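Listed below are the residues making up each chain.
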Amino acid sequence: MRVYDIIYKKRNGNEISKEEIEFIINNYVNGKIPDYQVSALLMAIFFRGMDFKETLNLTLAMTNSGETYKLDDLDLPTVDKHSTGGVGDKISIPLVPIVTSFDVIVPMMSGRGLGHTGGTLDKLEAIPNFKVNFGKEDFFDLLRKNKAAMIGQSEKIAPADRKLYALRDVTATVDSISLITASIMSKKIAEGAENLVFDVKYGSGAFMKEKENAEKLAGYLVKVSNIAGRNADFVLSDMNTPLGQMIGNRLEIIESIEILKGQGPKDTTDLTEELGAKMLVLAGIYEDMGTAKKEIQKRYETGLYLDRFRKIIELQEGNPKVIDDYNIMIPSEYRYEFKSDKDGIIIKEDAYLFGMAALVTGAGRERKEDEIDHSCGIELLKKEGENVSRNETILIIHYNNEAKLRNSLKYIKKGISIE
Ligand code: URA
């Protein structure tokens, strides 16, 4: 087999076979095929697409590039949720304590933020000493002891995805339905959860700008899951405007804890309950969404969710005092109040531009090796659709550096419209 012939075939819009896909993946992972040939193939896939059969074969080849975990000998049902990524999307954090309080295991393996989207691991690391790197033994130990693990993907899970994702990121080939499906599903199948719920985002802050493409992606994710023997369901959610009021790592931990108290903003609380209910229904705890949601809502006032989160933090070596004292996470040195210049209605707070505005304060990274400043970010006091008066504060930028503040303000001014 020649790599050239496979690139040529896909470039001309033809289907590539299971054997050809396996040949590419295996030899790319072991270093025999160079980045430049795989880049060309990724671009051909981006423009020509892959049909479902090719997408499935790519997913399985990527899954088999590393270790696969089996969770079926744990005594309880296992369920995980995966979001396709967004701005202010901290939902994984409250979901784990909520769902595991119903005697379900959640093996949450998450990623880091890149570009305008945040990552669960970076957010968790805003909690002093919180550890996210655990090997296989420790991962199983956390699940057995506490039903929850909120950790990073081990080096051994889907190594093909690790390599391909880095290449896609620098060759403008991330936002392809087939490549996203294979990337997400190779990790999810390898991680081993029996039930999977996908939060597929669409809009300016998402990989899929159009709702129809998000629907197609959701269909692929569910179909691949089912073929791999997993139950799966999805929620399509709007990512045209940031989720919740907080963007940035420390701030998003605060909002997550507020959700667990039953005091979170309505949009984040609603989405948490929707996804949580789907997870509980798939795991067989409740038969219908209505009952599952009601049961979730009943428990806020018991303090059970906060206890669960405290225990998760303790077992992952973080400081659980954060739950009662947010200043355990050191706040930024400065705050800038961005005020309205007129009376009116906020008709737009653009998720992509607000995500960038948070990133440049130090909350995110443009390149993989960039350091995160956990204390920085944006707090939205007023959200899209709300009235504002002249001189009223719309949002607060948490920052440590004047130049970064100026840069952030450029994005905010572009991203907001008041009429
Ligand atoms: N999340 C992933 O894990 N992979 C993608 O390709 C996109 C989002």
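What counts as what
Residues numbered from 1 in each chain as written. Predicted model: local features only at pLDDT ≥ 70, side-chain atom pairs only at ≥ 80, totals over all residues. Heavy atoms only, no water. Salt bridge = Lys/Arg side-chain N within 4 Å of Asp/Glu carboxyl O. Helix = DSSP H or I, 4+ residues; strand = E, 2+ residues; numbered from the N terminus. Buried < 20%, exposed > 50% of the residue type's maximum accessible area, 1.4 Å probe, protein only. Near = heavy atom within 4 Å. Polar contact = N/O pair within 3.5 Å; in protein donor to acceptor, adjacent residues only side chain to side chain. Areas by Shrake-Rupley, 256 points an atom, 1.4 Å probe, with all protein chains shown as cover. Nonpolar A, V, L, I, M, F, W, Y, C, P; charged D, E, K, R; others polar. Phe/Tyr/Trp six-rings, centres within 6.5 Å; stacked < 30°, edge-to-face > 60°. Lys NZ or Arg CZ within 6 Å of the ring centre and 35° of its normal. Pairing = 2+ DSSP bridges. Patch = residues over 30% accessible without salt bridge, like charges linked within 9 Å, V, L, I, M, F, W, Y side chains within 5 Å. Lys, Arg positive; Asp, Glu negative; His and termini not counted. Charge placed at Lys NZ, Arg CZ, Asp CG, Glu CD. Core = buried A, V, L, I, M, F, W, Y, C linked by side-chain atoms within 4.5 Å. Domains from an automatic or database assignment. Contact = heavy atoms within 4.5 Å.

1. Here we look at the pattern of salt bridges
This model, assessed by the stated rule, comprises 31 salt bridges. In this structure, Lys 90 engages Glu 255 in a salt bridge whose closest nitrogen and oxygen atoms are separated by 2.7 Å. Here the residue Lys 90 occupies a position in the loop between β1 (79-83) and α5 (92-100), and Glu 255 occupies one in helix α11 (residues 249-260), the gap between them amounting to 165 residues. Residue classification places Lys 90 among the buried residues on the basis of a relative accessible area of 1%. Salt-bridge contacts for Arg 310 lead to Asp 324; the nearest nitrogen and oxygen are separated by 3.5 Å. Residue Arg 310 is located in helix α14 (residues 304-315), and its partner Asp 324 is located in the loop between α14 and β7 (334-339); the two are separated by 14 residues in the primary sequence.

2. Here's the deal with the site of the ligand
As a structural note, the neighbourhood of the ligand is formed by His 82, Tyr 165, Arg 168, Ile 180, Ser 183, Ile 184, Lys 187 and Phe 207. At a separation of 2.9 Å, an oxygen atom of the ligand approaches a polar side-chain atom of Arg 168. Calculation on the ligand without its partners gives an accessible area of 240 Å², and the protein chains cover 91% of this total. Elements supplying a minimum of two residues to the shell around the ligand: α8 (159-170) and α9 (177-191). By residue number, the principal contributor to the shell around the ligand is α9, which donates 4 residues. By residue class, the composition of the shell around the ligand is 4 nonpolar, 2 polar and 2 charged.

3. Quick look at the packing of aromatic side chains
Each aromatic ring pair is described using two quantities: the centre-to-centre distance and the angle formed by the ring planes. Evaluated as defined, the whole model comprises 9 aromatic pairs. Between Phe 102 and Tyr 286, the aromatic rings sit 6.0 Å apart at their centres with planes inclined by 80°, giving edge-to-face as the arrangement. Taken together, the positions of Phe 102 in the loop between α5 and β2 (106-110) and Tyr 286 in the loop between α12 (266-282) and α13 (289-298) put the pair 184 residues apart, joining distant regions of the chain. Both residues of the pair, Phe 102 and Tyr 286, belong to the buried class. Aromatic rings pair up to connect Tyr 69, Phe 139 and Phe 140 into one cluster. Note that Lys 163 overlies the ring of Tyr 28, its terminal NZ or CZ placed 4.3 Å from the centroid. Above the ring of Phe 102, the side-chain terminus of Arg 299 is found at 3.8 Å from the ring centroid.

4. Here we look at the sheet that holds strand β12 (residues 416-418)
Here we have 3 strands laid out as an open sheet, ordered β10-β8-β12, and antiparallel in their pairing. With one partner strand each, in any of the chains shown, β10 (387-388) and β12 form the two edges of the open sheet. Sheet topology places strand β8 (residues 344-349) next to β10; 2 bridges connect them, and they run antiparallel. Along β10, the bridge assignment pairs Gly 344 with Val 388.

5. What to know about a negative patch on the surface
On the surface, Asp 72, Asp 73, Asp 75 and Glu 194 cluster together to form a negatively charged patch. Along the chain, Asp 72 falls in the loop between α4 (52-63) and β1.

6. Structural notes on unusual backbone geometry
We note that Lys 147 has phi near 65°; this positive angle belongs to a residue other than glycine. Positionally, Lys 147 belongs in the loop between α7 (136-146) and β3 (148-152). Accessibility expressed as a relative area gives 17% for Lys 147, which makes it buried. A positive phi angle, close to 70°, is found at Glu 317, a residue other than glycine. Looking at the secondary structure, you find Glu 317 in the loop between α14 and β7.

7. As for the nonpolar core
In this structure, Phe 309, Ile 378 and Leu 395 are the most contacted members of the largest nonpolar core, which totals 70 residues. Counting contributing residues per domain, this core is built from domain 2 (79-323) and domain 3 (331-418), each supplying no fewer than three. Discounting residues that sit within four places of it in the chain, Leu 395 has contacts with Tyr 336, Glu 337, Phe 338, Phe 354, Ile 378, Glu 379, Leu 380, Leu 381 and Ile 412.

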